[in-house]
Amino acid sequence: MLLNTGEKAGRGIWKPPETKKLIEIRRELDDLFFYTKKRIVDEQWQKVAERLQVAGFHRTMLECKIKWKNLLQKFKETLQPGYNGAPFPFHDDMQWYSARLLREGKDESAESPAKESRGQSSPAAESSHASQITHHSASLHEPHVVNSPHTPHKLLVPHTPQGKSESSHSEVKLQNLHSSYMSRNLPYHEAAGSTDPLPVEPSAFHYPNQHPNSVSPSIHAHQYPPVSSPIPMSKRLKPARYDEFEPLLSSVSYDPLEVQRVNELLKGDERVKVAGIDINGVLREKIMVKTKFLSMLYDGFGFSGSIFGWSEREASSLGPEIGGYSYLVAKVDIGTFRRIPWEENLPFFLVRFFTKEGQPVSVCPRQILGKVVHEYHSMGFEPLCGVKYEWYNYKETPFTLREKNFKTDPLTSDLFNTALEGSHEKKVYFNELFQMLQNFDCPLESLCTEIGPGLYQGALQYGSALAMGDRAQLFKVAVKQISIRHGVMASFMAKPKENMPGCSARMHISLKDIRSAKNIFSRRNEVGMREPPRDGLEDMSQVMNWFVAGLLRGLPSILPILAPYVNSYKRLGENTWTPAVVSWGFENRNSAVRIVSSQADAESTRLEVRISGADMNPHLALGALLGCGMWGIKNKQAIPIPPSVGVIVNDSRAEKFPKSLLEATQKMLEHGSIAREVLGDGFVDHYGSTRLQEWKLWEQSITDWETKRYFEMA
């Protein structure tokens, strides 16, 4: 039983876990506090204490109330321009609180002793706030520089003009919000005093473990920047920041100004499309009216858990978090905003999935990748990735495809056509691919034909792993939609024809040091070599050696992610330009892992994983590959086999890859597998169940080959 409300606090110092839990519960119940009259607010604090007790922390209502008051006071202090006190360890956990100042023009007076009543400040507080107001007038004073423990980079804050210390209550709230926004290291508008945030520049990011005086990296951890976008620069949103959350992304946090910006961006729109990504990498979409969309930005909306397990067998492995197809909570990631150019510029956002209790869904692909990237950030590394897709184009429509029983006519008939030449219609198709993908924030670096009739290859622009996961997923959706506009069907199936090359998705990976912004895969950057290396292997840093070792040891275990379907294994094997064994080598395109290095440029040192197929789920694939690399780094693994040169045939030293989805899944599900080490038992058990279900459906099917061979023979 909880003690009565009059008991004095006396249970000792609050430990960080229970303080974080208090903040989390207080956030969940914020609406109750917001609309509760001051005289009965203790009832809400009683609920906080009860929920804290359920979580295993025994505190009274009064203890919770006093602790929150102290937290709030300290949090507000850190938001003041020029604050140079001790760092506040719960600063990021408290950021959500500033959002309530924008809600219906109300403030926090319900539980703050600094206010006499709701909407009425004490004279001392009002005077203190008024002295910080920046007046937006025609004559602005020069900005000065302010540093704080939570703003490791210098921020521009305008001087307050003399003789203008009075302002309205709304201006006070706006300035407090602006101070909060500034404290999160977002850039200031060039015109001092404006509260219109510009797009986040790399130097505006605070990375974990970064010294306040260190040089800002030249990379952006979570930016989604198209080279040229139809969205004006002044209207870009700050991207989601995974590093602000717990490792499992236990919440989605928005700046109030960002939410306000969303409303402005959607001013002329009536509908909004949102989408989540299921276990197979398929977009599950919803279109909703704008008013509905805006109303659920803070709390999310319901989404069926069936997207992670369509069959009874798959659903049974989901565990208690979403078992029985219970509804999930989908929360919009507003940093993924873009417009769909082939749907009349319809606004579009991606979501992440949480349980009804607010915990991240462990099988959500975007959560998987986000967790791995967060761990890299905690190590001081930024993973950068690129994906190069191959896909076939057919002169078909969804209707003709079925009328012809999937007997397709390729867009081109020449097997060795390696130039983008041909009819005017094809040129229009390719031009539109480039332009629409650019406008959809999936910019291409290159587009070309490959060896195979109608086979094409597109390389996505190199960037951060989080951005690449989203872009690689949306790229496939975009290509399919754009191709239909031109009477073409695009297929990313791994092996559509038995006598033709398959479709790969080659992934390039490197790591950059967050402090120095240098490529730490290059030994030249690691030890300061001045002379160019004799070859690419000599340029491999110790970190890259560990990363490659982790990959080579983990690849067989994560193969069901890189080759997720029955058909995927028809692409793998000897004499198909795809590896059959675990292997690596410098510029060896027959190996599973290819080392790429340039004597001229240390920053180009990277590796290419060549085993993954175009049918993979990019979020899961990148998460698994980066996870194996991290496992290798943390455990300082040694590369198990020597580098390969030339064609690799029957190398007895190399482990062979599984030859079927069943064999690969069984290896993944083994007790103590590296996949379990990297991705966790919960995910591996569920994902393995979905692959076994896929194999079961294959076993029960009757193929054309069987009919042709046995119809008369039997």
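Computed from a predicted structure; not experimentally measured.

What counts, and where the lines are drawn
- Residues numbered from 1 in each chain as written.
- Predicted model: local features only at pLDDT ≥ 70, side-chain atom pairs only at ≥ 80, totals over all residues.
- Heavy atoms only, no water.
- Helix = DSSP H or I, 4+ residues; strand = E, 2+ residues; numbered from the N terminus.
- Buried < 20%, exposed > 50% of the residue type's maximum accessible area, 1.4 Å probe, protein only.
- Contact = heavy atoms within 4.5 Å.
- Areas by Shrake-Rupley, 256 points an atom, 1.4 Å probe, with all protein chains shown as cover.
- Phe/Tyr/Trp six-rings, centres within 6.5 Å; stacked < 30°, edge-to-face > 60°.
- Pairing = 2+ DSSP bridges.
- Axes fitted to C-alpha atoms, helices over the stretch in contact; angles between N-to-C directions.
- pLDDT = per-residue confidence, 0-100.

For the chain, the count of helices and strands is 21 helices and 18 strands. Relative to its 714 residues, the chain shows a buried fraction of 55%. Taking all contacts inside the chain whose residues are at least 6 apart in sequence as the whole, residues at least 24 apart take part in 69%. If you sum the accessible surface of the chain, you get close to 31,500 Å²; carbon and sulfur atoms cover 52% of it.

With that out of the way, let us pick up the packing of aromatic side chains. Per the stated rule, a full pass over the model turns up 20 aromatic pairs. Measuring from centroid to centroid gives 5.6 Å for tyrosine 389 and phenylalanine 492, while their planes differ by 80°, and the two rings are edge-to-face. With tyrosine 389 in strand 10 (residues 381-394) and phenylalanine 492 in the loop between strand 14 (489-491) and strand 15 (505-513), this pair connects stretches of sequence that are 103 residues apart. Aromatic side chains phenylalanine 475 and phenylalanine 492 sit 6.3 Å apart centroid to centroid with 75° between the ring planes, which places their arrangement in the edge-to-face category. In this pair, phenylalanine 475 sits in helix 13 (residues 465-484) while phenylalanine 492 sits in the loop between strand 14 and strand 15, placing the two residues 17 residues apart along the sequence. The exposure class assigned to phenylalanine 475 is buried, which follows from its relative accessible area of 0%.

What follows covers the sheet that holds strand 8 (residues 327-340). The five strands lie next to each other as 6-5-9-8-7, forming an open sheet whose pairing is mixed. Since the sheet does not close on itself, it has two edges, and those belong to strand 6 (283-289) and strand 7 (301-304), each with one partner. Averaged over all adjacent pairs, the angle separating strand axes in this sheet is 40°, with direction ignored. Of the pairings in the sheet, the one linking strand 8 to strand 9 (residues 346-354) comprises eight bridges and is antiparallel in character. The partner of aspartate 333 across the bridge, within strand 9, is leucine 350. On top of the sheet, helix 10 (residues 365-378) reaches strand 5 (271-277), strand 8 and strand 9; it is set at about 75° to strand 9, its chief contact.

Right, let's get into the confidence of the model for the chain. Detailed reading of predicted coordinates is not advised where the pLDDT is low. Chain-level statistics for the chain give a pLDDT mean of 74 and a share of 68% at 70 or above. Within the chain, helix 17 (residues 618-634) carries the highest mean pLDDT (97), whereas strand 4 (residues 151-158) carries the lowest (32). Predicted confidence is poor over residues 1-10, with pLDDT under 50, and the contacts of this stretch with residues over four places away or in other chains come to 16 contacts. Taken as a whole, residues 101-251 scores under 50 in pLDDT and shows 333 contacts with residues more than four places along the chain or in a different chain.

As a further point, take unusual backbone geometry. Apart from glycine, the bulk of residues carry a negative phi angle, and the bulk of peptide bonds sit in the trans form. If you check the backbone angles, phenylalanine 406 has positive phi at about 65° while not being a glycine. Looking at the element boundaries, phenylalanine 406 is found in the loop between helix 11 (398-403) and helix 12 (424-439). Backbone geometry at aspartate 441 places phi at a positive 60°, although glycine is not the residue there. Of note, aspartate 441 is situated in the loop between helix 12 and strand 11 (444-449). By relative accessible area, which is 5% here, aspartate 441 ends up buried.

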